[in-house]
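A look at the structure
Listed here are the chains, written in short residue letters.
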Amino acid sequence: MLDQLEALGGKALNEVQAATSLDSLEQVRISVLGKKGGLSEVLKGLGSVPATERPKIGAVANEWKRKIEEAMALKKASLEGAALDQEIRSQRIDITLPSRFSHRGALHPITTTTRKIAEVFGRLGFDVMTGPEAETDFLNFEAVNIPKDHPARDMQDTFFLGPGVVLRTHTSAVQMRALRSREWPVRILCPGAVYRCDQDATHSPMFHQVEGLWVDRHVKMSDLKGVLEFFARELFGAETRIRLRPSYFPFVEPGAEVDVSCFQCGTSPKHECRVCKGTGWLEILGAGMVHPKLFEVAGYDPREVTGFAFGMGVERIAMLLHRIPDLRLMFQGDVRFLGQF
Ligand code: PHE
């Protein structure tokens, strides 16, 4: 029987080696190791072998079985590898072709700048409040101390939507909404789109403003200055200084235009500086103490409360922060421009 096992095993190993496909390998397995395969056939004779010999024969049979299975596993792996190679070769994908480019979206610089401004003032306790873009003539002008024939109306070339309704020319209209709908103290920030009939490299018929308003007992001009200084430093860097120049806005008294020191040339203004044009200062917003007339319209007692307001153009700030040379780039939707942010 040992000879029979030897012959069977040797032959099986040769057949395994000779197999050329997974199918023929399976045939070999069935014919040798299957239920009715060669090995079972040989072992049928075990009954006629003396009991003392049986363990030895069993061990030899097991050893052959192990060897054959091992050889089959190796062969199977190599046949599978060859089959995969064959499949890859037959599919011939050209991996050198350029891939299809997909544009990823990102936030517009106006959005990120507005959020940044709101975040800084948020830390000072200012809540965001919004209002409609189609606004009444009353809230956009009248209520903020710009009566019908007031020359200040000329400063803001207005789009009229219908009798008594305009596209708001500034977010100061939201100031008035806040005063009329809330009890003091009021500390709000109003971001949003505004409209003026004007268009060139520095003006767009639609642009964005952020207006701030703080009304409480004892709010002073020095509070305004402190708040704006904090804001300027957070936005433009810790060395930034601000200066207030007297100016006129109908809804504040006194009013000021506010400049920040040029973050490009710092303390020593350079003639050739393209950011501040050699002046060392950048105008960024208008501000002032809320005019008592507004309190009267809102039903507050101007002897009881005071407040300050300020307003800035978001595009201007974004252009300064990102060194954007032309306002029009902001609205063209050109992905080559937008992709840089
Ligand atoms: N509303 C003014 C403008 O659009 C800005 C401003 C707001 C000025 C508040 C002073 C106070 O130009």
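Refer to the structure printed above.
Before going into details, it helps to say that this report is about the structure given with it. Quick caveat, the model's predicted, so the values are computed rather than measured.

Cut-offs and rules
- Residues numbered from 1 in each chain as written.
- Predicted model: local features only at pLDDT ≥ 70, side-chain atom pairs only at ≥ 80, totals over all residues.
- Heavy atoms only, no water.
- Near = heavy atom within 4 Å.
- Polar contact = N/O pair within 3.5 Å; in protein donor to acceptor, adjacent residues only side chain to side chain.
- Helix = DSSP H or I, 4+ residues; strand = E, 2+ residues; numbered from the N terminus.
- Nonpolar A, V, L, I, M, F, W, Y, C, P; charged D, E, K, R; others polar.
- Phe/Tyr/Trp six-rings, centres within 6.5 Å; stacked < 30°, edge-to-face > 60°.
- Buried < 20%, exposed > 50% of the residue type's maximum accessible area, 1.4 Å probe, protein only.
- Core = buried A, V, L, I, M, F, W, Y, C linked by side-chain atoms within 4.5 Å.
- Contact = heavy atoms within 4.5 Å.
- Pairing = 2+ DSSP bridges.

Near the ligand lie 13 residues; those nearest to it are His170, Ser172, Arg196, Gln209 and Gly311. Interatomic distance of 2.9 Å between a side-chain N/O atom of Ser172 and a nitrogen atom of the ligand. For the ligand, an oxygen atom lies 2.7 Å from a polar atom in the side chain of Gln209. Where the shell around the ligand is concerned, the elements lending two or more residues are strand E6 (206–216), strand E9 (281–290) and strand E10 (306–313). Looking at the shell around the ligand, the element that brings in the most residues is E10, giving 3 residues. When its residues are assigned to classes, the shell around the ligand shows 6 nonpolar, 5 polar and 2 charged.

Time to look at the packing of aromatic side chains. Summed over the entire model, instances satisfying the criterion amount to 11 aromatic pairs. Relative to Tyr300, the ring of Phe295 lies with its centre 6.0 Å away and its plane at 15 degrees, an arrangement referred to as stacked. The exposure class assigned to Phe295 is buried, which follows from its relative accessible area of 2%. Plain terms: the ring middles of Phe337 and Phe341 are 5.1 Å apart, the flat faces sit at 70 degrees to each other, and that makes the pair edge-to-face.

Our next topic: the nonpolar core. Grouped together as the largest cluster of nonpolar side chains are 41 residues, with contacts concentrated most on Phe121, Leu228, Phe231, Leu285, Phe308, Phe310 and Met312. Secondary-structure elements contributing two or more residues to this core are helix H5 (109–122), E6, helix H8 (221–236), strand E8 (252–261), E9, E10 and helix H10 (314–322). Per-element accounting of this core gives the leading share, 7 residues, to H8. If we ignore the near neighbours within four places in the chain, the residues touching Phe231 are Ile117, Val120, Phe121, Ile284, Leu285 and Met312. If you look at the next biggest cluster of nonpolar residues, it comprises 27 residues, including Val144, Met176, Val252 and Val305.

Turning our eyes to something else, we now look at the pairing of E10. Most of E10 sits inside the fold, with 7 of its 8 residues counted as buried. As paired strands, E6 and E10 are joined by 8 bridges and run antiparallel to one another. In the strand pairing of E10, Asp216 is matched with Thr306. Note: E9 against E10, 5 bridges, orientation antiparallel. Across the sheet, Gly286 pairs through a bridge with Gly311, a residue of E10.

Keep in mind these values describe shape, not function.
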